[in-house]
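Geometric and topological summary
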Amino acid sequence: MTSLSAIGSLGILRQPKTVLFGPGERRHLPHLVAGIARHLLVVTDARMADASEFKEIVSAIEERGVRVSVFAEAEPDLPRENVVTVADRFGSVGVDAILGIGGGSCMDLAKVVAVVLAHGTDVRDYYGEFLVPGPGIPVITVPTTAGTGAEVTCISVVFDREKGMKVGVASPYLEAHTAVIDPELTVSCPPALTAATAADALTHLVETYTDKVKEVTPDYLDAHLYVGKNPLTDIFCRNGLTLLNTSLERVVADPSDIEARSATMLAAYNAGMAINTAGTAAAHAIQSPIGALTHTSHGFGVGALLPYVMRYNLPTRVTEFAEIGLLLGAADPSEAPLDQARAGILRIESLLRTVGCPLDLRTLGLEPTDFSYVADQAMLATRLTANNPRELTKGSIVSILERGYAADLGWWEL
Ligand SMILES: [Fe+2]
C-alpha cells in the first residue's frame, strides 16, 4: 500500500552539488578541496581536532598544495560568539572555501560563516528565512555523527545568548557545495551521542513522512523553505526508515559494526534530505524550549516527544502511519489501516527504546509549571508548526506535554 496523498503536490529537493558516501571515502577530500580552494578554512571542535583521522585529512589536503587554516573551538549548540570569532580571525586572510567537520554545530558554523565572510555583515541580519543576500564561499561538510543531517541542510541554528534563544539562519544559499559522508568517522562517536543523534534522525523521518501536504504557490516558495510532505522527500523517508529498522539494534550492540554504522549514517543523510525541504513539525517545535529549560539533548528531546506527537497526529495520518507499520514489518497487511497505523507507532517507539531514548518528559527534567511557557514558545516556531498535519493550539500542546509527563502510552486519540 502506498499513499498517494502527496503525489499531486509539489516535489522539491535541495542538495549539495556532490555527495560522496561510503566507509573510507574521505580519501577523496584532498582532490575535492584542491578543485575549489587555494586557502581552506577547516572548522571543527576540540575533540575532533585531536583525532588521528582529522590530522590525516589536514595533512593530505596540504600535500595537494592547499593552504589550511584551522579553527578548532566550535562549541555545542553553536553560540553566536563562535561565528563572530571566526569572521574576525579569518575574514581578511583570503580563505576561499570552508570545510566543516564534526557534529551539527561544526557544520552549521561552516555554513553560516561562509555567507558572513562573503557578505561581511553580522549573522544577526540573517536570522529568519531567505534573508541571506547571495551565495557564500563554497562549503564542504563532513559529518562525524549520524543524525542531524546538517551535512545537507541549508539552515544553521545559532544560539544567541543576548536574545536567550536559538535562532535559525535558513536560506538556500547555505547549501553545502559538497558533502562527504564517511561512516568510519562515526565509529569513535560516544554511545550517548550515537543514541541521541539516532533518535533525532528517526524523528526527522517520521515527522517529514507524516507532515502536512501544502498547496505551494510561487509566492509561498519564494519566501519559505519548507513545503511539507512531498513525493521526493517521501523516497528518502521510506529508505531511511527501512535502514534504521534493522541497523539501530546492531549499532547499539556493537558500535564497531561498520555495516550497521553505514546503514545508520545513510539513514541520517536520507533524513537530512527529507527535513531540508519538507521540514520538521510539532516534536521539533516543542523540543526547542524544553531543551533550553532542561539542557537536555536535542535528539532525546524530540525522541521523548515523538510518541505523544504521533498519537496526537494519528487521526489525520492513519494512512501514513499504516504505511510505516507495513514498511517496518510491524503491521499485518490483513489488518484494518488503523491497527496497522498503531503497529507502526509502536514500532517507532520500540526503536527509540532500543537506543535508550526516554519515552517521557519527566526524565528530561520538565516540570508541569513549565508547560504553559513551553507551549507559548513552541507556538512561535511557525516555520515548524505549519508543517504539522493536525493543527496545533496552545491547549493541544499542553495536552501533549501532560501526556508525555505522565508517560501515558495508553493514550490513543483514535
Ligand atoms: Fe532534529
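All values reported here derive from a predicted model rather than from experimental measurement. Numbers given to residues run from 1 along each chain, matching the order in which its sequence is written. Per-residue local features are limited, in this predicted model, to residues with pLDDT of at least 70; the limit for side-chain atom pairs, both in listing and counting, is 80 or more; totals at the level of whole chains, interfaces and linings are taken over all residues. Side-chain measures here rest on the full set of heavy atoms in the structure, leaving out hydrogens and waters.

The way it works is that DSSP assigns letters per residue, a run of H or I at least four long becomes a helix, a run of E at least two long becomes a strand, and they are numbered from the N terminus. A tally of helices and strands in the protein chain yields 16 helices and 9 strands. Within these notes, the globule rule equals 2.2 Å times the number of residues to the 0.38 power, and the radius of gyration is based on C-alpha atoms. In terms of C-alpha radius of gyration, the protein chain reaches 20 Å, essentially the compact-globule figure of 22 Å for 414 residues. The principal-axis extent of the C-alpha atoms belonging to the protein chain is close to 65 × 40 × 40 Å. Excluding contacts between residues fewer than 6 apart, the proportion of contacts in the protein chain whose partners are at least 24 apart in sequence is 79%. Should any heavy atoms of two residues lie within 4.5 Å, those residues are counted as being in contact.

In this section: the packing of helix H6 (residues 191-209) against helix H9 (residues 258-277). Only the contacting stretch of a helix is used when fitting its axis, a line to C-alpha atoms as for every element, and angles between N-to-C directions run 0 to 180 degrees. The N-to-C vectors of H6 and H9 enclose an angle of 45°; their axes lie 9 Å apart at closest approach. Judged by the angle between their axes, H6 and H9 are oblique. Of the two elements, H6 crosses H9, and the hand of that crossing is left-handed. Residues Thr194, Ala201, His204, Leu205 and Thr208 of H6 form the contact with H9, whose own contacting residues are Arg261, Ala267, Ala268, Asn270, Ala271, Ala274 and Ile275. Working rule for angles: under 35 degrees goes down as roughly parallel, over 145 as roughly antiparallel, 65 to 115 as roughly perpendicular, anything else as oblique. What makes a crossing left-handed is the near helix being turned counterclockwise from the far one by less than a right angle; a clockwise turn instead makes it right-handed.

Bringing the UniProt feature "domain: Alcohol dehydrogenase iron-type/glycerol dehydrogenase GldA" (unreviewed entry) in the protein chain into the picture now. UniProt positions are given in the numbering used here, feature names are shortened, and annotations may be inferred rather than shown by experiment. Cross-referencing UniProt, the feature "domain: Alcohol dehydrogenase iron-type/glycerol dehydrogenase GldA" (unreviewed entry) maps to residues 16-183 in the present numbering. Within residues 16-183, the helical portion is 29% and the strand portion 26%, while the C-alpha atoms at the span's ends are 18 Å from each other.

This brings us to the UniProt feature "domain: Fe-containing alcohol dehydrogenase-like C-terminal" (unreviewed entry) in the protein chain. Here, UniProt's "domain: Fe-containing alcohol dehydrogenase-like C-terminal" (unreviewed entry) annotation points to residues 194-403. As annotated, residues 194-403 comprises 70% helix and 0% strand, and the C-alpha atoms at either end are separated by 27 Å.

A few words on the sheet that holds strand E2 (residues 39-43). Where strands meet in a sheet, backbone hydrogen bonds hold them as pairs that are either parallel or antiparallel. Two strands make a pair as long as DSSP finds a minimum of two bridges between them. The parallel open sheet is built from 6 strands, whose spatial order is E1-E9-E6-E4-E2-E3. One side of each edge strand has no neighbouring strand; the edge strands of this open sheet are strand E1 (18-21) and strand E3 (67-71). Strand-to-strand, the axes of this sheet are offset by a mean angle of 15°, without reference to chain direction. Pairing of strand E6 (residues 139-143) with strand E9 (residues 178-181) involves 2 bridges; the strand directions are parallel. Bridge pairing in E9 links Thr141 to Ala179. Contacting E2, E3 and strand E4 (97-102), helix H3 (residues 52-63) crosses the sheet at an angle of about 150° to E3. Sheet strands in contact with helix H5 (residues 104-119) are E2, E3, E4 and E6, and its direction is about 165° off that of E4.

Our next topic: the environment of Ala268. Relative to the helices and strands, Ala268 is located in helix H9. Distance in space between the C-alpha atoms of Ala268 and Leu243 is 9.4 Å, their sequence separation being 25 residues. The contact partners of Ala268, leaving out residues within four places of it in the chain, are Ala146, Gly147, Gly149 and Ala201.

This part is about the pattern of salt bridges. Where charged atoms from two side chains of opposite charge approach closely, those side chains can pair. Criterion for a salt bridge: a side-chain nitrogen of Lys or Arg within 4 Å of a carboxyl oxygen of Asp or Glu. Within the structure shown, the criterion is met by 18 salt bridges. With a closest N to O distance of 3.3 Å, Lys111 and Asp108 form a salt bridge. You can see Lys111 and its partner Asp108 sitting in helix H5, 3 residues apart, about one turn around the helix. Note on accessibility: Lys111 and Asp108 belong to one class, buried. One salt-bridge network, in which partners are shared between bridges, spans Arg26, Asp182 and Glu184. Under the scheme applied here, a residue whose accessible area is under 20% of the maximum for its type counts as buried, over 50% as exposed, and between as partly exposed, the area being computed with a 1.4 Å probe on protein chains only.

Geometrically, a pair of aromatic rings is defined through the distance of the ring centres and the angle of the planes. Here the aromatic set is Phe, Tyr and Trp, taking the six-membered ring for Trp, and pairing holds for ring centres within 6.5 Å; pairs whose planes are under 30 degrees apart are stacked, those over 60 apart are edge-to-face, and all others are tilted. In total, this model carries 2 aromatic pairs according to the counting rule given. Taking the centre distance of 5.8 Å and the plane angle of 75° together, the rings of Phe371 and Tyr405 count as edge-to-face. Within this pair, whereas Phe371 is found in helix H14 (residues 371-380), its partner Tyr405 is found in helix H16 (residues 394-405), the two being separated by 34 residues in sequence. Residue class for Phe371 comes out buried when judged on its relative accessible area of 7%. Only when the NZ of Lys or the CZ of Arg is both within 6 Å of the ring centre and within 35 degrees of the ring normal is a charge said to sit over the ring. One residue, Lys229, lies across the ring of Tyr209, its end atom 3.5 Å from the ring centre. Positioned above the aromatic ring of Tyr312, the side-chain terminus of Arg390 is 4.2 Å from the ring centre.

Each metal site is built from N, O and S donor atoms within 2.8 Å (3.2 Å for Na, K and Ca), and since water is not included, such sites may look incomplete. Binding of the iron ion to the protein goes through Asp200 (OD), His204 (NE2), His284 (NE2) and His298 (NE2), at separations of 2.1 to 2.2 Å. Note on geometry labels: four donors, all angles 85 to 135 degrees, give tetrahedral; four donors become square planar and six octahedral when opposite donors are over 155 degrees apart and every other angle is between 65 and 115; remaining cases are irregular. Considering all 4 donor atoms around the iron ion, angles at the metal cover 84 to 172° and the coordination shape is irregular. Counting gaps between the donor residues of the iron ion yields the pattern D-x3-H-x79-H-x13-H. With His204 in helix H6 and His298 in helix H11 (residues 298-313), this pair connects stretches of sequence that are 94 residues apart. The exposure class assigned to His204 is buried, which follows from its relative accessible area of 2%.

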